[in-house]
Amino acid sequence: MADLRARGATVKGRAIAVSRQARERYRDLYTPEVLEALEALSGFDARRGELMAARMARRAGRARERRAIGFLPGDGLIEGTGITVAQARAGDFVGARIPDDLRRQWIQGTGPATRPRAGIAEGLRNVAYALLSGADGWMFDGEDALGQVQTMALDAQRNLKLMTGGDRLFLSVAEQVAGEMNAWAKGFLGREIIDDWQKQLSFTTRIFRVRGLHLDDRHLAHADGRGFSASIADLVLYVVGNQAALRAQGRSLVLYLPKIQTAAEAAYWGLLLDSLEEHLGLAAGSILCYVLVEQVEACFQLMEIRAALGCHFVGFNTGRWDYINSLSDAYAWDEGFVNPNIDQVTMTYGYMRAYEDRVRRAVNTPDRNGNFALWQGGMEPNIPVGSAAGVRAAMEKALAGARREEREGASGKWVAHWKMVHIVRPVWAQAGRDNQLGRQFAPLTYSAEDAQALRLLEDGPRTVRGARDLISVALQYGNAFGRGYQAAALKPADFFGDDDVLYLMEDAATGEIRLSVLWEWLHKSAAMSADDPSSGVRAGEVFTRELFVALLEEEYQKLLLASGQDVHEDSKQTTLPIARAIVAAYVLEPVKAPWYIDLLNLALDVPDLATAQTRIRDYLDSFARDGTRITHNPDLDTNL
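In what follows, the accompanying structure is described.

Rules behind the numbers
Residues numbered from 1 in each chain as written. Predicted model: local features only at pLDDT ≥ 70, side-chain atom pairs only at ≥ 80, totals over all residues. Heavy atoms only, no water. Helix = DSSP H or I, 4+ residues; strand = E, 2+ residues; numbered from the N terminus. Buried < 20%, exposed > 50% of the residue type's maximum accessible area, 1.4 Å probe, protein only. Lys, Arg positive; Asp, Glu negative; His and termini not counted. Salt bridge = Lys/Arg side-chain N within 4 Å of Asp/Glu carboxyl O. Contact = heavy atoms within 4.5 Å. Pairing = 2+ DSSP bridges. Axes fitted to C-alpha atoms, helices over the stretch in contact; angles between N-to-C directions. Core = buried A, V, L, I, M, F, W, Y, C linked by side-chain atoms within 4.5 Å. Right-handed = clockwise from strand over helix to strand, strands pointing away.

### Details of the side chain of K524
Topologically, K524 is positioned in the loop between α21 (508-523) and α22 (545-561). Buried within the structure, K524 lacks any salt-bridge partner; its nearest side chain of opposite charge belongs to E520, at an N-O separation of 4.5 Å. Filtering out sequence-adjacent residues up to four positions away, K524 remains in contact with Y331, A332, D334, E335, F337, V338 and W519.

What follows is the structure in structure tokens.
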């Protein structure tokens, strides 16, 4: 730790370069205070590179040795800390006390703080919907749901700064949005949901999700041209830009940390948070964080991650999509690990059930001071828009899922759309508890049986219908991403025009898992479980390259023929062909790509298919050759 601090502190001179566009248009964000903090943390980016190299080495080693993930040795030291694994598992560390504004988080909404290519007032509508929704907390997403086209990530940061500062434009937008939300609520719920819009704005806890350690920023680079950490960029822009106003309002500084795989990575995050607090003169533990348990390897190190983050850590979140994908990726080498149709892998399925159980047991293990942590349940992706029968069925399913999570011990859950807040929140209101901190569960154990449960498959169908749905939504998601809609309401093309089948909110993780499952089925020769008259496939026949290519062409043609309501007309000759190229390349490549987002980012803002295809091929060849990911923005202009 001391060595890492020294590496960060010894940076002299201009360590980073800011893109020309960002310098010229976002001086209100890249203030002297922000630039100083970026410089102060820039030296730690070398350690991020080491951690990401270690990820790829572990991945390659498991494949080479055909070795499953296991628990850490109990007598080892958590890398980057002075805490042993045994101490962490016993709760022998100092964690955070849950502050008042996080003690009741029945519903946390999620979503971006702007829209693609939106003016400031239009983008601020997203923020207004969030804070007027009645959600106990809102995670403004800087990662999976925030588009990265052009300067969209910076627009989101600007909007959050305007909101936190109570800017007059934001207040004007909020007043208008409140009326629109009440009009919807009167029609759907039979009542208004906002009595006093100004008072309502103060209700919701503000939370921000930074981007993961695996990503480079699109507007910053090291002075020598190397990619710069998106995690550090987001952390500094949000905390430095908003911490004084939030603290003056008596609010906590709260982050969500995504895609952590190991306790060593959590310790690195702890180092960044400690260093930024020190730089800003904040007390230790001023910056709090939830950790999304999105990676199967992290589920083997839950207590170690808690200990590594120490006084910053407040809770875990159990997401579905990223976690499924992480297993598909971790066991890409195992021909016997093949998922069924994706709709079968719910939170009660085999390995998902074991994952959720370990999380709830981890947060309810007390630390040295007797403090517990929060468990925030998973995402509700439904949107109450469709036919009366379709909405009724979807809402019954959503409520059943929420009741199950509350029974199992979750202190709340996520929703992907503000309209779901008043539908799902009553589940926790009726239970009558602010949270479920300290609920008694069996202590965590670390046996071979526990490890096996975290990769437990159960029987389920694999069908051509399932493959079509995977391909259709993957194509649509890649198209939406290219247009800046990193969160988008989608459904398979065969159900366009059927209002009984609702659209679901999809983000980068949901796009990725669809391609991972297709890759599994193809490269592990998965057998189809049912006859399919439309393709002529019989039960027992395997998912072949020829079948995938044929289905891809058929599903692509459906999107070309779809109305502009489902597929924007101007995307059909621009971003949709690029989305198809990414789907085909990812699924057909013998060496499984580690991150779908890498391919999407390389093709972002690219004007033609040929350039996108070249970048995709260069990435896949680089990774197959020596495990090198291409993650920097190839179009970054840092010229003065």
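### A word on the sheet that holds strand β7 (residues 253-257)
What the eight strands build is a closed barrel, ordered β2-β3-β4-β7-β8-β9-β10-β11; its pairing is parallel. Within the sheet, the average angular offset between the axes of one strand and its neighbour, ignoring direction, is 30 degrees. Bridge count for strand β9 (residues 313-317) against strand β10 (residues 374-380) is three bridges, and the pairing is parallel. Each bridged residue has a counterpart across the sheet, and for N317 the counterpart in β10 is Q376. With respect to the sheet, helix α10 (residues 230-248) is in contact with β4 (205-209), β7 and β8 (287-292), its orientation differing from that of β7 by roughly 160 degrees. Each of β10 and β11 (412-415) is contacted by helix α16 (residues 388-408), which is oriented at about 165 degrees to β10, the strand it contacts most.

### Remarks on the nonpolar core
With 201 residues, the main nonpolar core has Y30, L132, F140, L255, F316 and F543 as its most contacted residues. When neighbours within four sequence positions are excluded, F316 is seen to be in contact with Y290, V291, V293, L302, I305, R306, V359, A362, V363, L374, W375 and Q376. Judged by nonpolar contacts, the second largest core, of 13 residues, contains I98, I207, V254 and L374.

### What to know about unusual backbone geometry
In this structure, K259 takes a positive phi of about 60 degrees despite not being glycine. Within the element layout of this structure, K259 appears in the loop between β7 and α11 (263-280). Of note, the phi angle at D605 is positive, near 60 degrees, even though the residue is not glycine. Relative to the assigned elements, D605 resides in the loop between α24 (596-602) and α25 (609-626). Using a relative accessible area of 40% as the deciding quantity, one classes D605 as partly exposed.

### Brief notes about the pairing of strand β3 (residues 137-141)
Here β3 lies mainly inside the structure; five of its five residues are buried. In the sheet, strand β2 (residues 107-111) pairs with β3 via four bridges, with the strands oriented parallel. Counted as the bridge partner of T110 is M139 from β3. Taking the sense of rotation as the criterion, the β-α-β connection linking β2, helix α6 (residues 120-132) and β3 turns out right-handed. In terms of strand pairing, β3 meets β4 through five bridges, oriented parallel.

### Focus: helix α14 (residues 321-330)
Within α14, 10 of the 10 residues are buried, which leaves it mostly tucked inside the rest of the structure. Regarding α14, the residues found buried are W321, D322, Y323, I324, N325, S326, L327, S328, D329 and A330. The inward-facing, buried residues of α14 abut α4 (45-65), α12 (296-299), α15 (350-363) and α21.

### A few points about the sheet that holds strand β1 (residues 16-18)
Ordered in space as β1-β5-β6, the three strands form an open sheet in which the pairing is antiparallel. Each edge of the open sheet is held by one strand with a lone partner, namely β1 and β6 (227-229). When strand polarity is set aside, the average angle formed by the axes of neighbouring strands in this sheet is 60 degrees. Across two bridges, the pairing between strand β5 (residues 216-222) and β6 is antiparallel. By the bridge assignment, D216 is partnered in β6 with S229. Set on the sheet, α4 makes contact with β5 and β6; between it and β6 the angle comes to about 95 degrees.

### Some details on the pattern of salt bridges
Scanning all chains against the criterion turns up 53 salt bridges. Here E406 and R433 are joined by a salt bridge, their closest N and O atoms 2.4 Å apart. With a gap of 27 residues between them, E406 in helix α16 and R433 in the loop between α18 (426-431) and α19 (448-453) connect regions that are remote in the sequence. The exposure class assigned to E406 is buried, which follows from its relative accessible area of 10%.

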